Amino acid sequence: MDTYLTTVVSNEKIADKIFRIELHGDIVCEMNTPGQFVNIKVNNGYEFLLRRPISICEINKDKNTFVMIYRADGAGTIKISELEPGDLVDVLGPLGKGYDISSLEKGQTALLVGGGIGVPPLYELAKQFRNVGINTIHILGFNNKKDVFYEERFAELGTTYVATADGSYGESGFVTNVIEDKKIKYDKYYSCGPLAMLKALTDMDKEKIGYISLEERMACGVGACYACVCEKQDGSISRVCYDGPVYDSKEIAL
Ligand SMILES: Cc1cc2nc3c(=O)[nH]c(=O)nc-3n(C[C@H](O)[C@H](O)[C@H](O)COP(=O)(O)OP(=O)(O)OC[C@H]3O[C@@H](n4cnc5c(N)ncnc54)[C@H](O)[C@@H]3O)c2cc1C
Ligand code: FES
């Protein structure tokens, strides 16, 4: 893990307040594991002292680029949404422990469940599973039709359901409703999204093996400040930025 100067290739709006940014740079050589994230320096001024953690959505080794999808809804992410092709961005990473694709064998089926801005890291995971012959089923949960992104891209990799909480697009309700209604069969699940969604998912079948990615508020992003701790089932604490963000679902007290 190090800091790298990267160059903006593109930075486009793809849904309501949702942007897709592609960055070029040597940091891509260090990126292998889906579910890891980077810490972005918003700009060089003193206005944004803390970097912003954003998940890696796609790793393109052939082009030496990586993609992130982010919601521009606070001062820092709105500033990032103003970046233009050719601009330089200081990025720290790759950070954290991601998903382990060797947790399944060829021919098995992974259920990938994402909610809102928890959807992006699952795309690289789906790509890597597919590359080693593991089937993937995707359930993407959003609040509303205007929030939906990457449905077609996931659909290229496997069966994909979109659920909206207000029923304005796809299946009506929550991701857990889709699992029940469609009677989806899978070997293990892999998830990222709001805590309420992660809890509902893990509560559905306590015997099932699953992996969840947490998005705690962070400061340093490298395990030094303890701003991001979560509680484990055994009562100990864990630094989400360093020990996570991906955990075995049975490890964490949700
Ligand atoms: C491991 C990880 C991966 C993430 N991946 C994505 C992603 O792929 N796409 C995406 O849109 N968002 C992602 N987030 C959330 C993203 O970091 C916040 O939305 C972003 O930092 C908000 O910054 P802001 O300047 O817009 O908001 P502000 O409210 O101005 O931020 C103030 C401070 O709080 C921190 N903060 C605010 N909200 C969050 C949050 N939800 N999580 C962590 N820190 C927060 C900021 O980093 C900043 O230091 C991720 C968070 C974590 C921890
Ligand atoms: S953000 Fe500092 S320890 Fe995790």
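Above this note sits the structure.
Residues numbered from 1 in each chain as written. Chains lettered and ligands numbered in written order. Predicted model: local features only at pLDDT ≥ 70, side-chain atom pairs only at ≥ 80, totals over all residues. Heavy atoms only, no water.

**Focus on the state of the cysteines**
Applicable threshold: In what follows, a disulfide is any cysteine sulfur pair within 2.5 Å.
Per the counting criterion, the structure on display carries zero disulfides. In this structure cysteine 57 is a free cysteine whose sulfur lies 11 Å from that of cysteine 192, the closest cysteine sulfur available.

**With respect to the sheet that holds strand S16 (residues 246-248)**
Short version of the rule: Think of it this way: DSSP has to see at least two bridges between two strands before they count as a pair. Think of it this way: any DSSP run of H or I at least four residues long counts as a helix, any run of E at least two long counts as a strand, and we number them from the N terminus. It only takes one pair of heavy atoms within 4.5 Å for two residues to be counted as in contact. Simply put, an axis is a line fit to the C-alpha atoms, just over the touching stretch for a helix, and the angle between two N-to-C directions goes from 0 to 180 degrees.
With mixed pairing, the seven strands of this open sheet are ordered in space as S11-S10-S9-S8-S12-S13-S16. Every interior strand has two partners, whereas the edge strands, strand S11 (171-172) and S16, have only one. Sheet analysis places strand S10 (residues 160-164) next to S11, joined by two bridges and oriented parallel. The residue bridging threonine 164 from the neighbouring strand is serine 172, located in S11. Along the sheet, helix H2 (residues 120-131) contacts strand S8 (109-115), strand S9 (135-142) and strand S12 (188-192); its crossing angle with S8, the most-contacted strand, is approximately 165°.

**Topic: the pairing of strand S3 (residues 37-40)**
Applicable threshold: For the exposure calls, accessible area comes from a 1.4 Å probe over protein chains only, and a residue counts as buried if that area is under 20% of its type's maximum, exposed if over 50%, partly exposed in between.
Residue alternation in S3 divides its side chains into two sets, Phe37 and Asn39 and Val38 and Ile40, and both sets are buried. With four bridges connecting them, S3 and strand S4 (residues 52-55) associate as antiparallel partners. In the strand pairing of S4, valine 38 is matched with isoleucine 54. Relative to strand S7 (residues 88-95), S3 is paired through three bridges, and the arrangement is antiparallel. Within S7, the residue paired with phenylalanine 37 across the bridge is leucine 95.

**Concerning the sheet that holds strand S1 (residues 2-15)**
An order of S4-S3-S7-S1-S2-S6-S5 is seen for the seven strands of this open sheet, with the pairing classed as antiparallel. On the outer flanks of this sheet lie S4 and strand S5 (58-60), each paired with one strand and no other. Strand-to-strand twist in this sheet, taken as the mean axis angle between neighbours without regard to direction, amounts to 35°. Packed on one face of the sheet, H2 meets S4, S5 and strand S6 (65-71) and runs near 50° to S5.

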